[in-house]
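Structural characterization, general
For reference, the chains in residue letters:
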Amino acid sequence: MKDKTKEAYKEAIKVLSLCKTPHGFHAAHPGYNALWARDSMITSLGASLIKSSSFQNTFKQSLNLLAKHQSKKGQIPNAVLLHEKPRKKIDYKSIDSSCWFIIGNHIYNKRYKTKPKLKSQIQKTLTWLSFQDMGEDHMLEQLPTTDWQDAFPHRYGHTINTQALYYKVLTLTNQKKEAKLLKEQVNSNKDDKLWNGNFYYPWRWKNHNKYKELGEWFDSLGNLLAIVFDLATPNQSNKILNHIKKKKIHKPYPIKAIYPPIKPKTKDWQPYFKDSEAGTPNHYSNAGIWTFIGGFYILALIKQKKFSEANRNLQKLAEANLQSPKFSEWLHGKTGKPGHSASESKQGNQAWNAGMYILAFESLKKKKSLFYFLVLLQEPICDLCPV
């Protein structure tokens, strides 16, 4: 089989070039005249590895635009919608954007060896995040559809995606005691833990004796972030990866967003799902394949020193991204064929798919997750952070 990994790498750089704007990295080109916090920060993980002053400046402008529109309470926007008339619209209603903003700022300062900037904005963001712990249990709570899965599925309370992100935020800002308490709650607390013995539940909230508010499906991004960001122990990490293999969640291409798909008339179904592509099983975030998450899957394999598996999956990731249109937003969960973009664009060019492909490619080349350089350095971001 022809090795397509280098071809996909070159195409990924082209996609980043198309998505860079004076405002920062847009989510795709064409189709979105807006900057999303999570998309731009995840895109920048890979873009920062390319020696390009243009990419560096675009990363910087992404951070600056988000900081400029931070709310008075400290929340980082979900998106800055530049196409709205007569003036741009700021969309909030998300919890992960604030986490990704802090992680992205740390990456920028470390990658480009700059003095910490946006200190006051970082401190305000940390304060806002701390107030999302309404249970005073060291874990953040959220409402439904307030992270990257903004239309599907319905989850609330404690989600593994947000706990993994917040754990990394706490370690990066030198809040070691709080990070340790969060890790204990997620992994061990008998009433609130998300760990089920094989993987992390996607979400959990209150217990009512024999009745429990929780989801039992597999959230790929949340579980993979738990591995990459060290919320999961090495033993837990291997169990998660074994679950993915056993259920073939990484096939035909890495990786399905959730597993199994949520179907009508099941306990996790909500009528409003029909308003998006996710209303159809194996479409969009309903067990459709998202290749940016596939990049995190490869990082998790590398972290656990499963280099042969990482190499095989990078080959499949390259194959997936080189389908026409290249670097599509999502692929069908069974056929692996490109789906319809939410932006109505027929040209693919999804920035975070390209950025994560570059990060996965470079990490495998060096046989270590380059989060070691970009994220896992433990110095505090700013002198305002607790010591």
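Quick note: structure is the one above.
For every chain, the first residue of the written sequence is number 1, and numbering continues from 1 onward in sequence order. Side-chain atom pairs in this predicted model are given and counted only at pLDDT of 80 or more, local residue features only at pLDDT of at least 70, and totals for whole chains, interfaces and linings cover all residues. Side-chain descriptors were evaluated using all non-hydrogen atoms of the structure, hydrogens and water having been removed beforehand.

1. With respect to unusual backbone geometry
The peptide bond linking His29 to Pro30 adopts the cis configuration, its omega dihedral lying at -10°. The omega torsion of the bond from Pro254 to Ile255 falls at 5°, within 30 degrees of zero and hence cis. Looking at the element boundaries, Ile255 is found in the loop between helix H9 (234-247) and strand E10 (258-259). Phi at Leu118 is positive, roughly 60°, even though this residue is not glycine. Only runs of H or I of at least four residues qualify as helices and only runs of E of at least two qualify as strands under DSSP, and these elements are numbered from the N terminus. Looking at the secondary structure, you find Leu118 in the loop between helix H4 (96-111) and helix H5 (119-130). By relative accessible area, Leu118 is classed as buried at 16%. With phi around 55°, Lys248 is a residue other than glycine that occupies positive phi space. Relative accessible area decides the class of each residue, using a 1.4 Å probe on protein chains only: under 20% of the type maximum gives buried, over 50% gives exposed, and in between gives partly exposed.

2. Side note on the packing of aromatic side chains
The geometry of an aromatic ring pair is captured by two quantities: the separation of the ring centres and the angle between the planes. Only the six-membered ring of Trp is used, alongside the rings of Phe and Tyr, when aromatic pairs are assigned; centres must lie within 6.5 Å, and planes under 30 degrees apart are stacked while those over 60 apart are edge-to-face, with the rest tilted. Using the criterion set out here, one finds 23 aromatic pairs in the structure. When the ring of Phe152 is compared with that of Phe273, the centres are 4.6 Å apart and the planes differ by 70°; the resulting orientation is edge-to-face. One end of the pair, Phe152, is in the loop between H5 and strand E6 (158-159); the other, Phe273, is in the loop between E10 and helix H10 (291-303), with 121 residues separating them in the sequence. The class of Phe152 is buried, set by a relative accessible area of 1%. Given the relative accessible area of 0%, Phe273 is considered buried. Judged by centre distance (4.5 Å) and plane angle (35°), the ring pair of Tyr156 and Trp203 falls under tilted. Residue Tyr156 is found in the loop between H5 and E6, and its partner Trp203 is found in strand E7 (residues 203-208); the two are separated by 47 residues along the sequence. The exposure class of Trp203 is buried, given its relative accessible area of 6%.

3. So, the pattern of salt bridges
Whenever Lys or Arg places a side-chain nitrogen within 4 Å of a carboxyl oxygen from Asp or Glu, that contact is recorded as a salt bridge. Applying the stated rule across the entire model yields 13 salt bridges. Between Lys14 and Glu11 there is a salt bridge whose closest N-O contact spans 3.3 Å. Here Glu11 and Lys14 lie together in helix H1 (residues 5-19), a separation of three residues that amounts to about one turn.

4. A word on the layout of surface pockets
Cavities and pockets are found on a 1 Å grid laid over the protein atoms alone: a cavity is a set of points where a 1.4 Å probe fits but cannot escape, a pocket is an open set with protein on both sides within 12 Å along at least five of seven lines, and a lining residue has an atom within 4 Å of such a point. Grid points are joined across faces, edges and corners, and a volume is the space filled by probe spheres set on the points. Considered as a void within the structure, the second largest pocket measures approximately 320 Å³ in volume. Along the walls of the second largest pocket sit 15 residues, with Gln132, Glu141, Gln142, Leu143 and Thr146 positioned nearest its centre. Gly is placed with the polar residues, together with every amino acid not listed as nonpolar (Ala, Val, Leu, Ile, Met, Phe, Trp, Tyr, Cys and Pro) or charged (Asp, Glu, Lys and Arg). Of the residues assigned to the lining of the second largest pocket, the class counts are seven nonpolar, six polar and two charged.

5. Overview of the sheet that holds E6
Two strands pair under a simple rule: DSSP has to find at least two bridges between them. Taking strand neighbours across the sheet as the criterion, the three strands line up as E6-E7-E8 in an open arrangement whose pairing is antiparallel. Since the sheet does not close on itself, it has two edges, and those belong to E6 and strand E8 (211-214), each with one partner. Relative to E7, E6 runs antiparallel, the two sharing two bridges. The partner of His158 across the bridge, within E7, is Arg204.

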